[in-house]
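Structural overview for review
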Amino acid sequence: MWMKEKNPRWEGGITEVSDKIRHSDEYIKWRNACGTRDKITCQFCGKHKQLVVHHIKTFKKYPELRFSVKNGITLCRACHMKLHAEHRGVHDFTNILNDYMPNILHKKIKI
Ligand SMILES: [Zn+2]
Ligand SMILES: [Zn+2]
């Protein structure tokens, strides 16, 4: 279900999170908690494979929200890459995600 984390390019070149943190217990716990809440499902397209958890407010600019479950959303690799490709340089995806999502569990994101 999750993308392989041995490969440093598992996010297809999107480097939000350093490798060191990506392998930390805290990060893996955060990812699993977000994934469980999202029922291990891409919140855009409903896929269950090649999933990542995207930081709604970026890892870089919002260090205090790095491990906040509210700040994570489960996406598949394809949707995640598309999101970043369409919104380069964005550090707060709240409004973008609220527009995107037809959808399911999150209703409206508010962090
Ligand atoms: Zn998807
Ligand atoms: Zn992301």
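Coordinates for the structure precede this section.
Residue positions are given per chain, counting from 1 as you read along its sequence in written order. To label them, take the chains in the order written and letter them from A, then take the ligands in the order written and number them from 1. Under the rules for a predicted model, residues below a pLDDT of 70 receive no local features and side-chain atom pairs below 80 are neither given nor counted, while totals for whole chains, interfaces and linings still include all residues.

Turning our eyes to something else, we now look at the overall build of the protein. For the protein, the helix and strand inventory stands at four helices and two strands. Put simply, DSSP H or I for four residues or longer makes a helix, DSSP E for two residues or longer makes a strand, and each gets a number counted from the N terminus. N-terminal to C-terminal, the α/β element order of the protein is α-α-β-β-α-α. With C-beta atoms placed from the backbone, a residue is labelled by how many other C-beta atoms lie within 10 Å of its own: buried for 20 or more, exposed for 12 or fewer, partly exposed between the two. When burial is assessed residue by residue, the protein has 22% of its 111 residues classed as buried. Look at the contacts in the protein between residues 6 or more apart in sequence, and 66% of them connect residues 24 or more apart. Contacts here follow a simple rule: the backbone-placed C-beta atoms of the two residues must lie within 7 Å.

Here we come to the pairing of strand E1 (residues 51-55). Taken residue by residue, a regular strand's side chains alternate between the two faces of the sheet. Most of E1 sits inside the fold, with five of its five residues counted as buried. Burial of the side chains of E1 extends over both faces: Leu51, Val53 and His55 are buried on one face and Val52 and His54 on the other. Examined bridge by bridge, E1 and strand E2 (residues 72-76) share five bridges and lie antiparallel to one another. Paired with histidine 55 across the bridge in E2 is glycine 72. Whether two strands pair depends on DSSP finding at least two bridges between them.

So, on to the nonpolar core. The nonpolar side chains of soluble globular proteins are, as a tendency, buried together. To count as a nonpolar core, a set of buried Ala, Val, Leu, Ile, Met, Phe, Trp, Tyr and Cys residues must be joined through C-beta atoms within 7 Å. Grouped together as the largest cluster of nonpolar side chains are 14 residues, with contacts concentrated most on Cys42, Leu51, Ile73, Leu75, Cys76 and Cys79. Those elements that provide at least two residues to this core are helix H2 (25-37), E1 and E2. Residues within four places of cysteine 79 in sequence aside, it is in contact with Cys42, Phe44 and Cys45.

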